[in-house]
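These are the residues of each chain, in order.
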Protein chains: 2
Amino acid sequence: MFDIVKSDLMLLETELLSVIHSPEKLITDISKHLIEAGGKRLRPALYFMCTKSRVADMEAIMPMAIAIELIHMATLVHDDVIDNAATRRGKATANSCWGNHSSVLIGDYLFAKAFSLVANKASSEMLKVLTDVICSMCEGEINQNRSTFQTNQKESDYLGRIEQKTADFIAASCELGGLAVGLSIDETKALREYGYSLGMAFQITDDILDVTASSEQIGKPVGNDLRQGIVTLPIIYALEHSPHKEELQEIVQTKNMSEEKIKRGLAILHETDAIEYSYSRVADYLQYARNVIPANILGEHREAFIAVADFVGLRNY
Amino acid sequence: MFDIVKSDLMLLETELLSVIHSPEKLITDISKHLIEAGGKRLRPALYFMCTKSRVADMEAIMPMAIAIELIHMATLVHDDVIDNAATRRGKATANSCWGNHSSVLIGDYLFAKAFSLVANKASSEMLKVLTDVICSMCEGEINQNRSTFQTNQKESDYLGRIEQKTADFIAASCELGGLAVGLSIDETKALREYGYSLGMAFQITDDILDVTASSEQIGKPVGNDLRQGIVTLPIIYALEHSPHKEELQEIVQTKNMSEEKIKRGLAILHETDAIEYSYSRVADYLQYARNVIPANILGEHREAFIAVADFVGLRNY
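Residues numbered from 1 in each chain as written. Chains lettered and ligands numbered in written order. Predicted model: local features only at pLDDT ≥ 70, side-chain atom pairs only at ≥ 80, totals over all residues. Heavy atoms only, no water.

Trainee: So what's going on with the interface of chain B and chain A? Residues and values would help.
Mentor: Listed per partner, the contact involves 36 residues of chain B and 36 residues of chain A. Both sides of the chain B and chain A interface together cover about 3,600 Å² of buried area, and 70% of this is carbon and sulfur. Where chain B touches chain A, the interface holds two salt bridges. Between Glu24(B) and Arg146(A) there is a salt bridge, with its nearest N and O atoms 2.6 Å apart. Where the side of chain B that touches chain A is concerned, the elements lending two or more residues are α2 (25-36), α4 (58-83), α5 (94-119) and α6 (124-146) of chain B. For the side of chain B that touches chain A, the element with the most residues is α6(B), which contributes 14 residues. (Contact = heavy atoms within 4.5 Å. Buried area = accessible area lost by both parts, 1.4 Å probe. Salt bridge = Lys/Arg side-chain N within 4 Å of Asp/Glu carboxyl O. Helix = DSSP H or I, 4+ residues; strand = E, 2+ residues; numbered from the N terminus.)

Structure, rendered in structure tokens:
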């Protein structure tokens with residue numbers, strides 16, 4: 001899918017490992033573990049893709065790509081501390097290997113390292129985009145935390161939350177690519193909208209997979225959101241449309257849920273059109289993403305933008 | 001002590017409360033709690049002091065002062081999560097009121113907010129100073145964590161750690177003040193050294209107070225460092241000089257220590273000259289700080305720099 005940025009992403013891996021090297025060995029070890037645990041590198045890949053309209057100086061554009069991925073990694077480490085997660089993508093989390101103490105600090109370190117890398121390189125406009133989006137992500141996460149186990153949520157509450165939690169950062173990654181190579185305001189704005197729609201589709205797909213995929217596919221137990229009281233789009237749909245909505249309501253509100261109850265909750269959900277409906281929302285966002293690709297992006301460059309949209313719609317991990 | 005920056009600090013309080021306002025009410029609530037819990041505002045006070053050689057445009061210099069204090073607050077919130085602390089300065093911690101989940105996120109939010117405030121205002125040199133110092137603080141904290149319960153530490157290990165953990169940030173606050181009003185390289189470097197020495201003295205005093213002050217004075221139980229296995233200067237001195245060094249060694253290595261054992265550890269420490277010796281190191285750093293004040297800082301401005309050094313040496317809270 002990412003052929004057009006394949007060499008950039010390979011270089012990124014080398015650079016990631018190089019920048020996290022610290023005299024404090026534990027920092028190097030944990031960061032290396034996080035980098036080698038892999039991940040889709042979706043955000044830097046999109047950033048690179050959005051620089052391809054112009055001939056870019058790799059040395060000038062690389063630090064922001066690294067910063068974007070480090071910030072993403074920092075949020076994942078802190079998420080895993082918060083959720084007390086033992087595994088991510090089927091691998092042991094930093095907190096399960098090194099404890100919460102080091103994991104909170106390593107997250108802070110990665111945030112700071114990210115800013116440090118771009119502080120004297122990126123334009124002030126780009127720095128502002130990057131820092132504002134982290135505020136937004138934290139707001140989204142806190143909103144999610146506050147609204148757990150709440151059954152009176154609307155689709156719009158959910159959409160607002162995933163916008164802040166996920167889509168804004170993916171939008172910013174695209175916008176930053178445009179800014180890095182000096183594209184026009186209109187073009188940069190279009191790239192941002194592409195990233196935004198993609199991000200919304202990406203998160204909804206994530207939330208669908210949580211109730212459909214096996215733990216082998218996504219590296220975490222099925223029904224994990226339900227277990228944690230996180231009310232996602234399929235759950236909101238089922239709460240509105242199921243003939244067993246009262247029973248589901250009671251399940252969603254339950255803390256420390258038994259596996260049996262989770263199974264029953266998922267069964268109620270799957271009796272409704274929740275999954276079909278959620279996928280239709282994914283399709284809407286992806287169609288919008290395809291439509292908003294700037295007209296002057298052509299050939300294999302345009303194909304790459306479309307391939308990413310296709311990938312987000314089809315992925316099952 | 002801080003008369004020369006009193007009005008700046010009053011304005012800072014108003015600005016702090018204003019910038020943390022978020023549509024997500026929980027963020028506003030927790031941040032407000034943190035701001036109203038008070039604190040010495042030592043870092044922004046020093047930053048302001050270092051701008052006083054020139055007539056400064058308050059609107060231009062204020063964002064960095066806010067950023068400095070927000071970053072300090074962020075590190076304290078995360079420290080309290082890490083230490084599972086119930087109180088700080090005698091008041092309930094954020095984690096004890098709102099849980100670890102929100103507290104980790106609020107720390108991230110404050111970091112991001114701090115950078116967001118200065119991203120398009122400060123020079124790239126200033127941004128670099130600010131971001132590098134956070135990396136350094138995280139390294140210092142991780143080093144401290146890694147070296148807990150270790151009795152084979154030298155004074156130089158301790159000094160390297162508190163340099164990263166505390167002194168570098170206070171040094172940076174002073175340097176940033178100089179940079180904010182465009183002082184010469186030499187003058188800015190001298191201000192940085194002043195802040196560095198002050199920071200070293202400040203942290204050694206903190207570590208002395210931990211083994212001498214009552215819990216009413218410092219708002220946390222006496223011997224807290226010993227309890228957590230944090231090996232500070234007085235402890236290192238006692239480990240080297242006490243006739244009961246083997247017994248103390250065994251105490252320092254103990255996890256989940258009984259109150260009785262802490263008392264015995266403190267008693268062994270107080271039989272030595274550990275406190276006198278540690279205060280002599282404080283005095284050395286403060287003397288150096290007084291000597292390094294740039295020669296063109298005169299009158300009440302110079303008096304303020306000296307008063308801060310005196311305060312750090314005398315404080316008992």
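Having seen it, we continue.
Trainee: Quick rundown of the relation of the copies chain B and chain A? Include the residues and the values.
Mentor: With an RMSD of 0.0 Å, the fit of chain B onto chain A corresponds to turning through 180 degrees and sliding 0.0 Å along the axis. On this basis, the relationship between the two copies can be described by a two-fold rotation axis. Mapped onto chain A, 100% of the interface residues of chain B again fall at the interface, so both copies present the same surface. (Least-squares fit on C-alpha atoms with pLDDT ≥ 70 in both.)

Trainee: Help me get a handle on helix α8 (residues 185-212) of chain B, residues and values and all.
Mentor: If you check α8(B), its first and last C-alpha atoms are 40 Å apart, about what 28 residues at 1.5 Å a residue would give, namely 40 Å. Most of α8(B) sits out of view: 20 of its 28 residues are buried. (Expected span 1.5 Å × (residues − 1). Buried < 20%, exposed > 50% of the residue type's maximum accessible area, 1.4 Å probe, protein only.)

Trainee: An account of the pattern of salt bridges is needed here, citing residue identities and associated values.
Mentor: Where charged atoms of side chains with opposite charge meet at close range, the side chains can pair. Tallied over the full model, the rule gives 30 salt bridges over all chains. Linking Arg41(A) and Glu13(A) is a salt bridge whose minimum nitrogen-to-oxygen distance equals 2.6 Å. Of the two residues, Arg41(A) sits in the loop between α2 (25-36) and α3 (42-49) while Glu13(A) sits in helix α1 (residues 6-19), which places them 28 residues apart along the sequence. Accessibility expressed as a relative area gives 27% for Glu13(A), which makes it partly exposed. Arg227(B) is paired through a salt bridge with Glu259(B); the nearest N and O atoms lie 2.9 Å apart. Here Arg227(B) is found in helix α10 (residues 224-228), whereas its partner Glu259(B) is found in helix α13 (residues 259-271), with 32 residues between them in sequence. The network of salt bridges with common partners includes Glu13(A), Arg41(A) and Glu69(A).

Trainee: How would you sum up the domain arrangement of chain A? Please name residues and give values.
Mentor: Residue and element names in this part refer to chain A. By the assigned domains, chain A splits into domain 1 (1-122) and domain 2 (124-171 + 186-300). Its C-alpha centre places domain 1 at a distance of 23 Å from the equivalent point of domain 2. Counting residues at the interface gives 24 residues for domain 1, matched by 21 residues for domain 2. Summed over both sides, the interface of domain 1 with domain 2 buries roughly 1,800 Å², with 75% coming from carbon and sulfur. At the boundary of domain 1 and domain 2, one finds zero salt bridges. Along the contact surface separating domain 1 from domain 2 lie zero residue pairs in polar contact (both at pLDDT 80 or more). (Domains from an automatic or database assignment. Polar contact = N/O pair within 3.5 Å; in protein donor to acceptor, adjacent residues only side chain to side chain.)

Trainee: Let's hear about the side chain of Thr28(B): which residues, and what values?
Mentor: Assignment of secondary structure puts Thr28(B) in helix α2. A polar atom in the side chain of Thr28(B) sits 3.0 Å from the backbone oxygen of Ser22(B).

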